[in-house]
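Structure at a glance
One-letter residues, chain by chain:
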Amino acid sequence: MPSFEYELDKKSEVGSDFITRVNEELQRALVTEKQARKITQQEIADTLEINRSVVNRRFMGLENLTVRSIAETLWAIGWEPLFKVRKIAPQDGENERAKPKENSFKLAPPPPPSSPEKPLSASGFGKSVALERV
Amino acid sequence: MATLITLSGPDGPLTHVQVPLGIGVQPQRSFYACPEFMRGVEDDLPKWVTGKLNAAQTPQEQMRSILLRWISGREMVWERHFKDLMPMGTEAWEMKTADLRLFGWMYRPRVFIASFLGYADDYKGLKPKRHYSDAVQRVMTSRNSVDLDLPKFTSGEYDALV
């Protein structure tokens, strides 16, 4: 039997890869925060006024996250999302949409108190959103 | 007895499953599949929809994600992505996503052979449709039926295997 290459259509791959990255960033934030201080999922759940099982599913990558739930979950552990988009660079001999470049979704801890940036408000607003053309 | 290369050759019973990796990314682990697993991928997986967990990715996308994670050598978190099944001596493993269970065994470190594909919700709840004990038996049966070089499976510490 020959080898089998598992592929999906490009649209599905792009969407799926982005979901994976967001989940991995959420998990990275939680692991980092757990290493820095003892924080439990119950404390996060209490802060967000949701059930602990929901918090667990979010950090396990099992929850269908909304933009709001990403921001609020990160806020509960003292982090915030940093979201950027950019135009896909055309590749030689390829359709412009065929190969999206590395996307730029990253999460970062909130700026230190001395930073001139406005801190994240309790309502979850104040996330930095930027457009970058490459 | 035959090697994996022979078994996954044009007339062999195993399929070498691959997924396109990014430019410059080399495969770090291998994934082979028994015919039953491939039937699941080709016949069942396309019909499946997200289950109780209401996952963001479709089962078809989950399959690609877990294959990509495994083959590209990214971290496989024990219990979240990969788990040995009880009883431990059977050396049956499951690769996991929100909706999928990829049952199989470790042939050599970083070489997984998938026996069959399951739908996660079938194994959940107080009265599950399917049982893990049966899954372990199915893995052992398919492992015994493949004419592989001995030893047919490997065991050891998680980090050394994965």
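Residues numbered from 1 in each chain as written. Chains lettered and ligands numbered in written order. Predicted model: local features only at pLDDT ≥ 70, side-chain atom pairs only at ≥ 80, totals over all residues. Heavy atoms only, no water.

**Digging into the interface of chain B and chain A**
Between chain B and chain A, the contact holds 33 residues from the first and 22 residues from the second. Taken together, both faces of the contact between chain B and chain A bury some 2300 Å²; the carbon and sulfur share is 53%. Along the contact surface separating chain B from chain A lie four salt bridges. We note a salt bridge from Arg74(B) to Glu24(A), for which the minimum N-O separation is 2.3 Å. Here chain B is connected to chain A by 14 residue pairs in polar contact (both at pLDDT 80 or more). (Contact = heavy atoms within 4.5 Å. Buried area = accessible area lost by both parts, 1.4 Å probe. Salt bridge = Lys/Arg side-chain N within 4 Å of Asp/Glu carboxyl O. Polar contact = N/O pair within 3.5 Å; in protein donor to acceptor, adjacent residues only side chain to side chain.)

**What to know about unusual backbone geometry**
Cis geometry marks the peptide bond from Met86(B) to Pro87(B), where omega comes out at -5 degrees. Position of Pro87(B) relative to the elements: it lies in the loop between β3 (82-84) and β4 (93-96). The peptide bond linking Leu150(B) to Pro151(B) adopts the cis configuration, its omega dihedral lying at -10 degrees. Positionally, Pro151(B) belongs in the loop between α4 (132-145) and α5 (158-161). Of note, Glu49(A) is a non-glycine position whose phi angle comes to about 55 degrees, a positive value. Assignment of secondary structure puts Glu49(A) in the loop between α2 (41-48) and α3 (52-59). (Helix = DSSP H or I, 4+ residues; strand = E, 2+ residues; numbered from the N terminus.)

**Considering the side chain of Asp99(B)**
All names here are of chain B. By secondary structure assignment, the location of Asp99 is in the loop between β4 and β5 (100-108). Here Asp99 is buried and forms no salt bridge, its nearest opposite-charge partner Lys124 lying at an N-O distance of 5.7 Å. Of note is the side chain of Asp99, whose polar atom sits 3.0 Å from the backbone nitrogen of Gly51. Discounting chain neighbours no more than four positions away, the residues touching Asp99 are Thr50, Gly51, Ala55, Gln57, Pro59, Gln62, Gly118, Tyr119 and Ala120. (Buried < 20%, exposed > 50% of the residue type's maximum accessible area, 1.4 Å probe, protein only. Lys, Arg positive; Asp, Glu negative; His and termini not counted.)

**A few points about the pairing of strand β2 (residues 30-33) of chain B**
Residues and elements named next belong to chain B. Bridge count for strand β1 (residues 15-18) against β2 is two bridges, and the pairing is antiparallel. Bridge pairing in β2 places His16 opposite Tyr32. Relative to strand β6 (residues 111-119), β2 runs parallel, the two being bridged by four bridges. If you follow Ser30 over to β6, its bridge partner there is Val111. (Pairing = 2+ DSSP bridges.)

**Quick look at the packing of α2(A) against α3(A)**
Residue and element names in this part refer to chain A. At their nearest, the axes of α2 and α3 sit 8 Å apart, and the two run at 110 degrees to each other. Classed by the angle they form, the pair α2 and α3 counts as roughly perpendicular. Every pair of crossing elements has a handedness; the one defined by α2 and α3 is right-handed. Here α2 contributes Gln41, Gln42, Ile44, Ala45 and Leu48 to the contact with α3, which in turn contributes Arg52, Val55, Asn56, Arg58 and Phe59. The residue inventory of the contact of α2 with α3, partitioned by class, reads five nonpolar, three polar and two charged. (Axes fitted to C-alpha atoms, helices over the stretch in contact; angles between N-to-C directions. Parallel < 35°, antiparallel > 145°, perpendicular 65-115°, else oblique. Left-handed = near helix turned anticlockwise from the far one by under 90°. Nonpolar A, V, L, I, M, F, W, Y, C, P; charged D, E, K, R; others polar.)

**Side note on the nonpolar core**
Grouped together as the largest cluster of nonpolar side chains are 31 residues, with contacts concentrated most on Phe31(B), Phe37(B), Met63(B), Trp70(B) and Phe82(B). Those elements giving two or more residues to this core turn out to be β2, α2 (35-44), α3 (59-72), β4, β5, β6 and α5 of chain B. Examining the composition of this core, we find that six residues originate from one element, α3(B), more than from any other. Dropping the residues within four chain positions of it, Met63(B) is found in contact with Tyr6(A), Phe37(B), Val41(B), Leu45(B), Leu100(B), Leu102(B) and Leu117(B). Membership of the second largest hydrophobic core comes to 20 residues, among which are Ala2(B), Leu14(B), Tyr107(B) and Phe116(B). (Core = buried A, V, L, I, M, F, W, Y, C linked by side-chain atoms within 4.5 Å.)

**What about the sheet that holds β4(B)?**
Strands sit in the order β1(A)-β1(B)-β2(B)-β6(B)-β5(B)-β4(B)-β3(B) across an open sheet of seven strands; the sheet is mixed. At either margin of the open sheet sits one strand with a lone partner, and together these are β1 (4-5) of chain A together with β3 of chain B. Relative to β5(B), β4(B) is paired through four bridges, and the arrangement is antiparallel. Each bridged residue has a counterpart across the sheet, and for Glu94(B) the counterpart in β5(B) is Phe103(B). Running at roughly 50 degrees to β6(B), α2(B) makes contact with β1 of chain A together with β1, β2, β5 and β6 of chain B of the sheet.

**Quick word on the packing of aromatic side chains**
All names here are of chain B. The tally for this structure, following the rule as stated, stands at 14 aromatic pairs over all chains. Ring centres of Trp70 and Phe112 lie 6.1 Å apart, and the angle between their planes is 65 degrees; on these two criteria the pair is classed as edge-to-face. Note that Trp70 is positioned in helix α3 and Phe112 in strand β6, a separation of 42 residues in sequence. Assigned by exposure class, Trp70 and Phe112 land together as buried. (Phe/Tyr/Trp six-rings, centres within 6.5 Å; stacked < 30°, edge-to-face > 60°.)

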